[in-house]
Amino acid sequence: MKTKTVELVASPRAPHFVGDGFRVHNFIPSGFRMDMQRMDPFILLDYNSTYNFPPSDKPKGVGVHPHKGFETVTIAYKGKVAHHDSSGGGGVIGEGDVQWMTAANGVLHKEHHEEEWSKTGGDFQMVQLWVNLPAKDKKSNPKYQAIKYEDIHRYQLENNAGTIEIIAGEYKGTKGVASTFTPIHMFNAKLNKGGKADFEFPAHYNTTVLVIEGQVIINNQDVAPTDHMALMANDGETFKIEATEDAIVLILSGEPINEPIAAHGPFVMNTQQELIEAFNDFNNGKFGYLED
Ligand code: MN
């Protein structure tokens, strides 16, 4: 088996605010200076690096907005987010939790700091990832997978190296609880200083490593510091990570869908015509109603 090498280690771009509650660095696609197709099925990744929000009586966040044609995955490392949608659904994404929302044929929702958390404020750190859907699944009904931290399956590495938390896919026989439409592996690797872990994915799977805490060396060669993201080349199957200090890294690997992408704002379809229809449906109230 060949080594999957590092194509580039991207430093975080200048942050921007999404609403007033998420201060994010975009890594996919602009941090990698690539188009949406390159990391297919991962079409967008916004990373809110650790940022201290002061106390606020009015929860900060982003008001009512639509999504259609894909899934949003929110991984909370620090802080709490409350969400509500046009079907009456809602919930709280707490520290360590993952929310996997299938927008598919369309949802309206809003996302804010959880009310009690907002009153005290504090460090906030999250990943929001957009996972594309194949054309046939863009037509399916919206759903949520609220994955609590305690329900995430774990693989203990040898030699006290640390733990792999499997959100989706499989690591050495341990499966994640999230169901996905296409093959996806999503892990949080929590490594102790000096801890090592190896990973194996098909060469054509698009693969990336985001350093949430600490620092790692990939393949004994490429240093990836905190808040940096390594893009792995499609040249081999295996790579290894060693933590030079206690580290948390998010590992994503997915089989490309290989369908055309027509994207604008919160809509990701296959053709321009479908995008126009999505905007018309939204403007005509077909996504339902949600109070701001
Ligand atoms: Mn959203």
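Residues numbered from 1 in each chain as written. Predicted model: local features only at pLDDT ≥ 70, side-chain atom pairs only at ≥ 80, totals over all residues. Heavy atoms only, no water.

(A) Structural detail: the packing of aromatic side chains. Scanning all chains against the criterion turns up 19 aromatic pairs. Measuring from ring centre to ring centre gives 6.5 Å for F27 and Y47, while their planes differ by 40°; the resulting arrangement is tilted. Separated by 20 residues along the polypeptide, F27 in strand β3 (residues 22-28) and Y47 in strand β4 (residues 42-53) bring together distant segments of the chain. The interplanar angle of 55° and the centroid separation of 5.5 Å between the aromatic rings of W117 and F124 together place this pair among those described as tilted. Judged by relative accessible area, which is 0%, F124 ranks as buried. Connected via pairs of aromatic rings, a cluster forms that spans F17, F22, Y51, F53, W117 and F124. Geometry around Y149 places R154 over its ring, the cationic atom sitting 4.5 Å from the centre. (Phe/Tyr/Trp six-rings, centres within 6.5 Å; stacked < 30°, edge-to-face > 60°. Helix = DSSP H or I, 4+ residues; strand = E, 2+ residues; numbered from the N terminus. Buried < 20%, exposed > 50% of the residue type's maximum accessible area, 1.4 Å probe, protein only. Lys NZ or Arg CZ within 6 Å of the ring centre and 35° of its normal.)

(B) Spotlight on the sheet that holds strand β9 (residues 98-102). What the 7 strands build is an open sheet, ordered β2-β3-β4-β11-β6-β9-β12; its pairing is antiparallel. Because the sheet does not close on itself, it has two edges, and the strands there are β2 (16-18) and β12 (143-147). Going from strand to strand, the sheet's axes swing by 25° on average, the running direction of each strand aside. Pairing of β4 with strand β11 (residues 122-132), which is carried by 9 bridges, proceeds in the antiparallel orientation. Opposite D46, over in β11, you have Q128 as the bridge partner. (Pairing = 2+ DSSP bridges. Axes fitted to C-alpha atoms, helices over the stretch in contact; angles between N-to-C directions.)

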